[in-house]
Structure formats: structure tokens, C-alpha cells
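Chain residues, written in single-letter form:
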Amino acid sequence: MKTRNMTGRITATAVACAIAATAAAPAWADDPATPAPTDTGTGTSQDATPSTVWSVSDGAGVTLTPTGDGSYAGQGAVAAEGDADPAAPVASADGEDVTLTLEDTKEGEREQKAPGLATRTDTQTWTGTAKDGSKLTYVRTVNRTWGKEVTVAGGHAFAKAADGSWTASISTGLSDQDEPDLSQVAADGRLSLSDGTGIPLDGGMFSATQTVTGTDGAQWRARTARATGTVATPDGTSTPVTVIVTASRVRDAHATPSVLRTKADGTTQSIPVDGWDPATDSYTLTLPHDAVADSYTLVVDAGPDATLGTLSSTLGQGSSRVLTQDINGRTVSVTVAFQAADIQPDSPAKLDGIYVNATGDQTKGTLIDGWDPNRLDYTITVAKDAPSPFVLPEAGDGVTVATAGTTQTADGTRQAWTVTDKATGQTREYTVTVVRQRDYQTAAERFTPAQPAAQTPGAPSEDPADTSLESVGWTDQAGAYHAEDSDSFQIPEGGTFSYTARDGQSVSVSATRTTGMTWRYTVGVLAADGSTYAAHAYDVTYITQATHTADITGIIVDGQPIGGFDPATGTYTVDADPNDWTLAADWDRTTGMTVTVDKQGGTGTITATSADGLVTRTWTVTATRNPLTLVQAAVRDRLPETGANVMGALGAMMALLAAAGATLLARRRHAARGKHGATTIQ
């Protein structure tokens, strides 16, 4: 009878049987409840513990235990390659060595640990006699191995199923014609194994194409094959094995557009295109009037098989933005329109009119379109190369007009005026927004991430239905991979979104812009079993020099640039009337950054926000003088150019100085009706 257990250790029963075959074991050796004898000092009594200590130099070394009748017994374990026996054990005590003799062998059951690797545990009983007649018994376990584990080339391990079969799973691509890409997994019609042998595999072994649809709508096409063969073990046996090959691809051409609104403070808003239908080509979104100065672009959440054309943006009626793009072969147009400003309740804090000179001359022009003293917000649309309009707000003798905050984006500039009724102290704010057609895209609008980079798959999961990735991260410009622990992270300039799948998984990646420089990557994973699917989302912000910048290039006070401006200096004191002064900034609109100007009395704050929304800087300007010079009065209130790429303040100021006489004449003519706030909005 063969006696063994699954761990390869000798059982207590096996040891007891082996000892009984050579010497009668005392009661304490078989029954732990029976106490072992104690040493009475005679060294010879059966009830005494012998003083001699015998040890066996085998494996880690074993000390034999006195049995109480003058005999000694013990057990140990050694390893062996194949059928070769380790050296005979030697028992030693007090300078005496006894080479033990093999008396009995009980051969264990052979076990297949893996294809190509077999094990067996044998039990050997060795005996010997000391010079004083003591009987020495040593039982050792011999753990034998034949061969080494065989895997599918690439390290794909075989797993043993409950029915005892051995199976490995691998994956490959599927062409648009649903043909498996065997070049990734086989050569000359065979799957390679680590022992140098192979298993037959060809395209005719694959199943019909099946469709798997994920929760995010992504559709997978998959075909599977079962390649079978045998793996030999050096003991002369062989093991049947099966390799499940899954060939798959994602076919996902979904495309859902939305409008991304970027406000002057750098915050963004994603606006869905209501009623989106791939068969409909034209859409209109209507936003509140106060959104007219913000920037707009079209963002398409598209699958990897969608086709997208170049986005174009033009100005439409009433300063609307017309965003046009080819999506899956259809030209889609989304018009972002704006509501007219609401009529507010009457108030004594009101203007008599806002006049616009579209030629840019510093003289009173025509009454602004849609004028009503209780309509507070107005919009002017100008062509790319048109002159900057001169805007003149007029009010009665009992009303004061002071310039307030300025908001600047790549699309437009909004100027506000605070109107105060002297008698009651009531105030209201009027705004005029100039939207200028532009023929350039900002750095944020131009930026397109590189295609995601797949790393070499990692080890297979123990669970064939596992849809988790081994890691997600990015590669740098040198190609080095950096794993991230979070599902939201930043990628430095030149970096690329990347991931490491588990061996046997199929992966599809789609991306859509969510804010200025942030993309959401949806990674669909088809598990090694070929049917279990899950989608994972990661938010990635790309860092570039242009879109991570929040520096202005100059500060304009009363139409004149501050001399010696340095972006690193955050505070300035200027010679200007704190009760009647204007403040603006020069900056590079092509970066996509935004600028706001807030002026409270004699203190103004300029805030710049980078296109990626991660960097914000402020500059504080304090006005400390009362009366303005004649020329300063003529040229004050110059606002930044909405159509220039990098604004040049000095050249514009020279033109304004040349026209100072006409401007002053206009201001004097209307002095009785309130002269403050005349503005060139460029």
C-alpha cells in the first residue's frame, strides 16, 4: 500500500508503520497522551532516557529520538531529481558514525504539477546498529521531480481546471475583415511552447465571429480557437494541453458632440447638443446674453472608428458662433446663439445713450443697436480686420459714469460701466461686449494628444474574467513608461497616455476633451475569457508650456502702458485719478489663457488664468493722482485688442494721440451730459 498526503510530507501513520517494521515502538511514540519516560540516571533502564544523542546528517539534519527500549528513531526529507537516490544517511553520536542501510521503500503516487513537470513523494526506511547494540531507525521522505514547467511562448502559463485538464489563454488582433492576426501568436502554423515544441494553429480553427457589446456602447468582434497538443515529461509521460486563442477588435464609430464654453476666469462648461441624432446636420444652442464674450469650441466624444474632420468657427448673426465639423462623413453645424439682454425695471441710475463710432474715430457715433435705457447689456460684432469701435456712454447732469471691470477672452472683450444717481445713490452696471472674428486657434484649441500607447502585456490574471488593467500611466518623450496610482493625473509636455493590459485581454481606448487641456480616456477591456467586458475612465490633463502660462505682457493705465513692466512684479503704483481711471492688460491670446480686470475705486486687480486652468496669477495696481493731463484724458480707456494675436499697445497709443484733438472736442461738447467712460474697445 502506498501512503502519502498532498503536501509531500510523510504522515504520522507512515512513520509509525516504518518504525514498527524494524522495532516495536513504545506506547509514548504512538500515543501523545502517554508521557515519555524520564531519565533515572542509570542510562540503561527502559524507563530511563538514554544519555547518548544520535543525529543523522541528511538534508537539514535530524536528531533521533530515544524510544525507551534502547532504540532511536526519527524522520526527515530530501529532494531528488528523477529516480536518482540521494546518498545513504549516516547517524553519528559521541564520535561514532553508523552508515544506515535501506531496508524498505514505499513509492508515492506521481503527480503532474504542470505540463512538463511531474513530482512523486517516496518514503524510505533506513536502519543501523550502534556499537552498544542500540537500534537506529531513520525514515526519510524523498521529494522527486521530473522536468520543468512548460508555458506558451511569451510566458503564458497553463492552468489546471477542476476536471484535471490544462488550459492557457492568449489573445491576438482581428482585421477589419474579421481575419485573425496569426503573426502575433504563431509561426509556420504552430504555437510555440517554451520547451521548443509547438501546437498546430491556423485560421480555419477559429469560430464564427461573435459580437460583444460593452456598457459604454463599444462593440467588439471576436473569434476563438482551441489549439490542442501534448507536452512531454522526462519520466516518459505526456500531458494533453489546450490553448484558447481569442482574436478580437473593437468597432465603435459613435460620435457625440458637445460645446465647450471657456469663461474669462478660466473655468469651463460642457454644454450638450440637445436632440443629437447622427442623421441630423444642424443644431442651435441659445445661451444667456452674458455668455457672449466667452470662447466656444466643439468637442466630440468619439469611438476609435469614428472619422472627424477639421473644426471651423465663424461669427453668425447677433455675435453667434457657428461651429462646423465633419462627423462620420456628415457636415454638422452647431450655432451658439445668445439671448437679447432683458429689459430691467426703471431706475434713476441710467444712461441717456451709448454711442458707437464703428470707424474708430474718437468722435460720437450712432446710438447702439437695440438701445433702451433699461437694457443694460449690449454686443458689437466686428470683422477680423475692422477698426476698433469708439464707444461713448452719455448721462445726465445728476448721474456719474465710471469704468468698472474688464473681461477678456480669445473671442471677445467686455467693458462695464458703473452708473450712479447722485441724488439717491442708486447704481446700475452697463456692459458692452465686442466680439471680433479671429482666424487663429489658441494653443489649447490646436492641441491634440498623441494616440494612446499600449505597453507589453503583463502576467495573465488567475481569473479569466478579470477586466482590470495591470497599470495605467504615460510615456515620456524618451519612451519610458510611468505608471500612475490614481485615475486622475497629469502628463508633462511630449507625454502620451499609456497602459499595461494583462496577458490575454483585448483593449480599446477612446478619448474626449472635457476642459481646456483635460481629456477623459475610456478604456474598454475584454477579459481573457472572450466574453466579460468592462470600461474604465481616466481624466488626464496635458501640460504644455503655452497652455500652462498665466503671464500678461503689459499693463495699460488710462490708455498708456506702464513703463518697465515685469510679469514677475505683482504690485504697481501709477499716477492716475483714482476716481476716474481705466485699467487693462496686454497678453498673448494665442495661448488660450483668459484675463479679468476688477477695479474698485483706486485699486485694480488683473487676474490671468492659464488655458489648462492650473495656473492663476494676479497683479495689483493702485492709482494715487487726482487730475489727469489733457492728453491722458483723450486716450484713456483703451481696451485690449480682441482680434490681435499679441497686442501692441504702443502703436495703438500713437494713433490715439494723433486723434486726441477730435476726441477732446467730442468729450467737451457732451460735458454737460456726462463725459466719463468714453472708450475705444479694440
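Before reading further, recall that the structure is shown in the block above.
Residues numbered from 1 in each chain as written. Predicted model: local features only at pLDDT ≥ 70, side-chain atom pairs only at ≥ 80, totals over all residues. Heavy atoms only, no water.

S.K.: Whenever I open this one, the overall build of the protein confuses me. Can you help?
M.R.: Secondary structure assignment for the protein yields 6 helices and 48 strands. By the burial criterion, 48% of the 682 residues in the protein qualify as buried. By sequence separation, contacts in the protein at least 24 residues apart represent 61% of the contacts at least 6 residues apart. In the structure as shown, the protein presents an accessible area of about 30,300 Å², 49% of it carried by carbon and sulfur atoms. (Helix = DSSP H or I, 4+ residues; strand = E, 2+ residues; numbered from the N terminus. Buried < 20%, exposed > 50% of the residue type's maximum accessible area, 1.4 Å probe, protein only. Contact = heavy atoms within 4.5 Å. Areas by Shrake-Rupley, 256 points an atom, 1.4 Å probe, with all protein chains shown as cover.)

S.K.: Explain the pairing of strand E19 (residues 255–262) to me, please; I cannot follow it from the model alone.
M.R.: One face of the sheet, then the other: side chains in a regular strand alternate in exactly this way. When you tally the buried positions in E19, you get 7 out of 8 residues, the bulk of the element. With 8 bridges joining them, E19 and strand E22 (residues 295–302) adopt antiparallel strand pairing. Opposite leucine 260, over in E22, you have threonine 297 as the bridge partner. Judged from the 5 bridges that link them, E19 and strand E20 (residues 268–272) form a sheet pairing that is antiparallel. What sits directly across from serine 258, in E20, is proline 272. Between E19 and E20, which pair antiparallel one after the other, the connecting turn spans 5 residues, and glycine 266 there sits at a positive phi close to 90°. (Pairing = 2+ DSSP bridges.)

S.K.: Quick question: what am I supposed to make of unusual backbone geometry here?
M.R.: Trans is the prevailing form of peptide bonds, just as negative phi is the prevailing case for residues other than glycine. Positive phi outside glycine occurs at aspartate 188, with the angle close to 55°. Looking at the secondary structure, you find aspartate 188 in the loop between strand E13 (186–187) and strand E14 (190–192). Positive phi outside glycine occurs at asparagine 328, with the angle close to 50°. Mapped onto the elements of the fold, asparagine 328 is located in the loop between strand E24 (321–327) and strand E25 (330–338).

S.K.: Explain the sheet that holds strand E5 (residues 90–93) to me, please; I cannot follow it from the model alone.
M.R.: In sheet architecture, strand pairing relies on hydrogen bonds along the backbone and comes in two forms, parallel and antiparallel. Here we have 4 strands laid out as an open sheet, ordered E2-E1-E5-E6, and antiparallel in their pairing. If you trace the sheet from one side to the other, it starts and ends with strand E2 (62–63) and strand E6 (96–99), each paired once.

S.K.: In this structure, what is going on with the environment of threonine 286? I would like to understand it.
M.R.: Mapped onto the fold, threonine 286 is located in strand E21 (residues 282–287). With 34 residues separating them in the primary sequence, threonine 286 and serine 320 have C-alpha atoms 9.0 Å apart.

S.K.: Help me understand the environment of tryptophan 371, please; the structure alone is not making it clear to me.
M.R.: Examined against the element boundaries, tryptophan 371 turns out to sit in the loop between strand E27 (366–367) and strand E28 (377–382). Taking relative accessible area as the criterion, tryptophan 371 reaches 18% and is therefore assigned buried. Every residue in contact with tryptophan 371, bar those within four places of it in the chain, is listed here: Leu351, Asp352, Gly353, Ile354, Tyr378 and Tyr430.

S.K.: Before we go on, may I ask you to explain the pattern of salt bridges in this structure?
M.R.: A side chain with one charge may pair with a side chain of the opposite charge, provided their charged atoms come close. Enumeration according to the criterion identifies 23 salt bridges in this entry. The residue arginine 140 makes a salt bridge to aspartate 58 at a minimum N-O spacing of 3.0 Å. Remark: aspartate 58 occurs in the loop between strand E1 (55–56) and E2 and arginine 140 occurs in strand E10 (residues 135–147); sequence separation between them is 82 residues. For the residue pair arginine 140 and aspartate 58, the accessibility class agrees, reading buried in each case. (Salt bridge = Lys/Arg side-chain N within 4 Å of Asp/Glu carboxyl O.)

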